[in-house]
Amino acid sequence: MSSEGARKLIVFCIALGVSIGITATTGFAGPKEGKAIFEKQNCGKCHQTQGPAKEKTFEDQMKKKGPELWYAGDKFRKEWLEEWLANPTIIRHLKYNSITEKSKGGHPSLSNAQAKDVAAYLLTLKSGAVKEGVVKEKSSPRAKLNFKKKYGCIGCHTIKKGKKKKIGGVTGPDLSEAGKRLKGDWVYMYLKKPKLFKPIKRMPVFAGIINDAEMKALAGFVASQGRKKK
Amino acid sequence: MKKRALLLAFSFLLLFVFTGGYQVWATMAKENYDWYCTQCHGLKGTGDGPNSRPSKYDIKQPDMSVTPRNHRSAEDMNKLSDEDMRLAIKDGGKAVSKSALMPPFGKTLTDKEIEDLVKYLRKLCNCKGK
């Protein structure tokens, strides 16, 4: 073997060793393994991973047991998803699809390594409708006012008042920590094209009511909740 | 005799058409009401839905700052005209100088669905309005 060939072989072995080392340390295998875990755990029983949305009636929506995930890559932040899958918390005060029963939690949890893989898989699921970098993820007095006073979003969604106190309605997802969970660009598109993501939902359609600039600002406000100010 | 039988059959047909028609709009209006309005106005329409009174559902959160209207109260509902209700549902509470916590449903429901909801609300309050 030439000295050049030997050098390449050494570099290759080092690279292989490093990658095996990283995998062994973190246990991270990737989206393919994540998909296998998702299927093995039967997550698809409650979560739809293939778009587009097909619900046409209230009954169709009521048949669903959990939120659809076919656009999870547009919607969720990686760090949050990894953490949540390992340590699930309550996002909705009421049980999914219910407006009478309190949510008791109890979503199945994964090991840290599995959570990373499943998150990696879910983040590959995208609608193709969300453009990145459109929304500035920050709060503004006007957007806050619109959320609370002009469009009444607070009627159904919880946000924080001060550091600990929570205020707002409970039939929509809790948004007090939404900035850790949701991407602003997705929130904007959800407001702009709600039927694309969720044709049947209890939230009114605001497209055609809230103008584009206000919509972006509102999405930015939502995506800043619970995050440290930059 | 034959004439009488025909008349009777025709009356039954009319009754069927009218009650059938009534049931369709009432059923659809109730479905919309149960899906959207109950979140704040409550399952029975008495103004105490989960958004209005989280504590009733064992959720530790303050009650809504404005009490949603009790749709069963003839006294409260008589203060509103059908047009007031139509506007409030379509363009939200602010359109009738009430709270913005009542959101606009004009892009969610059709005009016919809103019209039927107004009729349904009149049924709930058993009142005619101003």
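On a predicted model such as this, the values are computed, not experimentally measured, just so you know.

A.B. asks: What is the right way to read the confidence of the model for chain B from this model?
C.D. replies: Should the pLDDT be low somewhere, the predicted coordinates at that spot are not to be read in detail. Residues and elements named next belong to chain B. Taken over all residues, the pLDDT of chain B has a mean of 90, while the share at 70 or more is 88%. Model confidence for chain B, summarised as mean pLDDT per element, is weakest for helix α1 (residues 2-41) at 78 and strongest for helix α3 (residues 82-91) at 98. Interface predicted TM-score (ipTM) for the complex: 0.87; the corresponding pTM is 0.87.

A.B. asks: Would you mind showing me how to read the interface of chain B and chain A here?
C.D. replies: Where interface size is quoted, it is often the accessible area lost as the parts come together. Chain B puts 24 residues into the contact, and the matching count from chain A is 24 residues. A breakdown of the residues in the side of chain B that touches chain A according to their chemical character gives 16 nonpolar, five polar and three charged.

A.B. asks: Teacher, can you tell me more about helix α6 (residues 112-122) of chain A here?
C.D. replies: Along an α-helix, residues three or four positions apart point the same way, because every turn accommodates 3.6 residues. Burial within α6(A) is extensive, with nine of its eleven residues counted as buried. Taken together, the buried positions of α6(A) are A:Gln114, A:Ala115, A:Lys116, A:Asp117, A:Val118, A:Ala119, A:Ala120, A:Tyr121 and A:Leu122.

A.B. asks: Sorry, what's going on with unusual backbone geometry here?
C.D. replies: What you tend to see is this: most non-glycine residues have negative phi, and most peptide bonds are trans. Residues and elements named next belong to chain A. With an omega of -5°, the peptide bond running from Gly51 to Pro52 counts as cis. Structurally, Pro52 is set in the loop between α2 (31-40) and α3 (58-63). Located in the positive-phi region is Asn42, a residue other than glycine, with phi close to 65°. Its place among the elements puts Asn42 in the loop between α2 and α3. For Asn97, which is not a glycine, the phi torsion comes out positive at approximately 70°. By secondary structure assignment, the location of Asn97 is in the loop between α5 (78-86) and α6.

A.B. asks: Explain the environment of A:Ile37 here, please?
C.D. replies: Residue and element names in this part refer to chain A. In this fold, Ile37 is placed in helix α2. Under the C-beta neighbour-count criterion, Ile37 is labelled buried, with 20 such atoms within 10 Å. Between the C-alpha atom of Ile37 and that of Asp117, which follows or precedes it by 80 residues, the distance is 8.0 Å. Beyond its immediate chain neighbours, meaning those up to four positions away, Ile37 contacts Gln114, Asp117 and Val118.

A.B. asks: I keep staring at the packing of helix α7 (residues 141-150) of chain A against helix α11 (residues 212-222) of chain A and nothing clicks. Help me out?
C.D. replies: Helices that pack against each other are described as a pair by the angle of their axes relative to one another and the distance between those axes. Residue and element names in this part refer to chain A. Relative orientation of the contacting elements α7 and α11 amounts to 90°, with a least axis distance of 9 Å. Looking at the two axes, α7 sits roughly perpendicular to α11. Across the interface between the two elements, Arg142, Ala143, Lys144, Asn146 and Phe147 of α7 pack against Glu214, Ala217, Leu218, Gly220 and Phe221 of α11. A per-class count over the contact of α7 with α11 returns five nonpolar, two polar and three charged.

Rules used throughout
Residues numbered from 1 in each chain as written. Chains lettered and ligands numbered in written order. Predicted model: local features only at pLDDT ≥ 70, side-chain atom pairs only at ≥ 80, totals over all residues. pLDDT = per-residue confidence, 0-100. Helix = DSSP H or I, 4+ residues; strand = E, 2+ residues; numbered from the N terminus. Contact = placed C-beta atoms within 7 Å. Nonpolar A, V, L, I, M, F, W, Y, C, P; charged D, E, K, R; others polar. Buried ≥ 20, exposed ≤ 12 C-beta atoms within 10 Å, placed from the backbone. Axes fitted to C-alpha atoms, helices over the stretch in contact; angles between N-to-C directions. Parallel < 35°, antiparallel > 145°, perpendicular 65-115°, else oblique.

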